Amino acid sequence: MLNLEYSYLSLPGKFYQLVKPASFRQPETVLLNEALLEELAIPPANHQELVSFLLGKESGGKTSPFAQAYAGHQFGNFTNLGDGRAIVMGECITATNQRFDIQLKGSGRTLYSRGGDGKATLKAMLREYLISEAMHHLNIPTSRSLLVAKTGELVQRETEHDGAVLARVMKSHIRIGTFEYASHLGTTEDLGALSDYTIHRLYPEIEHEESPALSLLKKVMTVQIDLVVNWMRVGFIHGVMNTDNVSISGETFDYGPCAFMNVYHPDTVFSSIDRNGRYAFGNQPGIIKWNIARLAEALLPIIHPEPSTALQLAQTCIDQFDNIWVEKYYEMMLLKLGIEKKAPELYLLVDELLALMQNLKLDYTNTFLALTHDKVTGEGTLGGPEFKPWLDKWKNILNHSNLYEQAKTRMKENNPAFVPRNHLVEEALDSAVNGNLDLIKQLLVVLGKPYHYQENLSHFTIPPPPVFENEYATYCGT
Ligand code: AMP
Ligand code: MG
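Parameters and conventions
Residues numbered from 1 in each chain as written. Chains lettered and ligands numbered in written order. Predicted model: local features only at pLDDT ≥ 70, side-chain atom pairs only at ≥ 80, totals over all residues. Heavy atoms only, no water. Helix = DSSP H or I, 4+ residues; strand = E, 2+ residues; numbered from the N terminus. Rg over C-alpha atoms; globule rule 2.2 N^0.38 Å. Buried < 20%, exposed > 50% of the residue type's maximum accessible area, 1.4 Å probe, protein only. Areas by Shrake-Rupley, 256 points an atom, 1.4 Å probe, with all protein chains shown as cover. Lys, Arg positive; Asp, Glu negative; His and termini not counted. Charge placed at Lys NZ, Arg CZ, Asp CG, Glu CD. Contact = heavy atoms within 4.5 Å. Polar contact = N/O pair within 3.5 Å; in protein donor to acceptor, adjacent residues only side chain to side chain. Domains from an automatic or database assignment. Buried area = accessible area lost by both parts, 1.4 Å probe. Salt bridge = Lys/Arg side-chain N within 4 Å of Asp/Glu carboxyl O. Nonpolar A, V, L, I, M, F, W, Y, C, P; charged D, E, K, R; others polar. Axes fitted to C-alpha atoms, helices over the stretch in contact; angles between N-to-C directions. Left-handed = near helix turned anticlockwise from the far one by under 90°.

A. Here's a closer look at the overall build of the protein. Check the secondary structure of the protein and you find 16 helices and 12 strands. Relative to the 2.2 N^0.38 estimate, which gives 23 Å for 478 residues, the radius of gyration of the protein is 23 Å and therefore close to what a compact globule would have. Each of the three principal axes of the protein carries a C-alpha extent, and together these read 65 × 60 × 45 Å. Expressed as a percentage of the 478 residues in the protein, the buried residues total 57%. For the protein, the accessible surface area stands at approximately 20300 Å², while carbon and sulfur atoms represent 51% of it. A distance of 2 Å separates the average location of the 42 positive side-chain charges in the protein from that of its 55 negative side-chain charges.

B. Fine view of helix α11 (residues 364–372). A large share of α11 lies buried, amounting to 9 of its 9 residues. Listed as buried for α11 are Y364, T365, N366, T367, F368, L369, A370, L371 and T372. At its buried positions, α11 is contacted by α6 (212–234), α9 (321–336), α10 (347–359), α12 (388–401) and α13 (404–414). Residue D363 occupies the N-cap position of α11, its side-chain oxygen lying 3.3 Å from the main-chain nitrogen of T365. Following α11 by one or two positions, D374 adopts a phi angle in the positive range, close to 50°.

C. Broad picture of the domain arrangement of the protein. Splitting the protein by domain gives domain 1 (4–170) and domain 2 (176–258 + 276–328). Just the C-alpha atoms count here: the centres of domain 1 and domain 2 sit 24 Å apart. Opposite the 36 residues of domain 1 that make contact, domain 2 presents 38 residues. Between domain 1 and domain 2, a total of about 3000 Å² is buried, with carbon and sulfur atoms accounting for 61% of that surface. For domain 1, the biggest contributors to the area lost against domain 2 are H73, F75 and M170; these three give 19% of the whole. Counting across the domain 1 and domain 2 interface gives 5 salt bridges. Notably, a salt bridge pairs R201 with E91, separated by 3.6 Å at the nearest N-O pair. Residue composition of the side of domain 1 that touches domain 2, grouped by class: 17 nonpolar, 11 polar and 8 charged.

D. Focus on the pattern of salt bridges. The tally for this structure, following the rule as stated, stands at 27 salt bridges. With a closest N to O distance of 2.9 Å, R99 and E5 form a salt bridge. Remark: E5 occurs in strand β1 (residues 4–5) and R99 occurs in strand β8 (residues 99–105); sequence separation between them is 94 residues. Judged by relative accessible area, E5 falls into the partly exposed class, the value being 33%. In this structure, R144 engages E39 in a salt bridge whose closest nitrogen and oxygen atoms are separated by 3.3 Å. One end of the pair, R144, is in strand β9 (residues 144–156); the other, E39, is in helix α1 (residues 34–39), with 105 residues separating them in the sequence. By relative accessible area, which is 7% here, R144 ends up buried.

E. Expanded view of the packing of helix α4 (residues 176–185) against helix α7 (residues 284–303). At a minimum axis separation of 9 Å, α4 and α7 run at an interaxial angle of 35°. Between α4 and α7 lies a crossing of left-handed hand. From α4, I176, F179, E180 and S183 reach across to α7, where they touch N291, I292, R294, L295, A298 and L299. When grouped by side-chain class, the residues that make up the contact of α4 with α7 number 6 nonpolar, 2 polar and 2 charged.

Structural data, given as structure tokens:
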């Protein structure tokens, strides 16, 4: 029997709605993540039972699925939201005693669905599966994807599509928006209950600190800075960094209109709904700071009983953001160049490289890949005269450091060869929704070892033609 727990239901009732997921008559598993099942310590004998349970064919014994209430700032505006098409099926405990939510996406309406149908299309769920697994193998904290199944129903969008459900796994789906919900729509006791629960579940080491709520704010700021630094490392653009999509656990989640950048430009944005470029690649650090400030506001009543003291404590925390960001960001960018020491005098080297990449319209991933594998030859822009002064300067620093081999190892660990390039993702998804899973399975294998460059897979590193790049847009809510 699957041993699911429901610790979240110890919170006051306003934080959730108990809800039964839709039951589909003829669900059909399209992708199943067997490696993840193993990590979750679900015995092979129970795999089938889990799949049947998730797809609504079996009751799964004593279970209490629920949808979570939350609010959030969407594109800067406060809104009351909640899981409109997601249902937590339960919490699974691994062999190492880690707790994970197992959540379904696309399994019907909830109290929070508003005008939505609670459903999801096969293409969008396969996209989330593919990109979240790619992120995991890039060593970036993320929700994971356990399975995608076709529901057998059609879902109405601009046209009709095959419907699907995705089962995803995450340390917790508590988000900044959950705290905003408690702060705006609950009592101080509700806020305290949420904070206690979250700390106990995710950060028990701060439980006994003087102001656990202030420590929570610092923790979330740290894990989110680390997360966004990683996004910048691999050229990932989340696309909808609304506060309801920012996890307290520091995991990337809610893969809607996200994409990987090809040609480097900080203004790059692919999301069809982000018309003003609020969530463009280069804006992500500023936006995460803004989002952390919303968390700080929500936590104020429990940071300190005296409002002016609470404000001052929270402000002092947020004021440290910029310095921490600069240090961690450049530390990571220098690692991409093989340089390990914390060296503010070398920050300029990074800025100059990015400026060159922008001016020469260079591919972000491939530029670092070429530097990593000494592929900067006489031909092409990288080997050209505009790039040479920077290249000489960098090589000079590396040669002086006398640790060339270690530098190369660091570069290989931080510069992926394979990222989910938009054109490859689209091609694989289009083929999959037409019934052929070969391309998506092949892509999952390649993206499973993103740092392991292999010459025979070099076609996976070719950027899309500019015409594709210019017209490509991603959509969310589908
Ligand atoms: P997202 O953009 O995925 O973060 O979603 C924003 C809000 O819209 C969340 O409350 C979602 O649960 C809700 N939502 C998105 N799509 C649907 C849908 N098809 N039906 C109901 N609610 C939805
Ligand atoms: Mg969301």
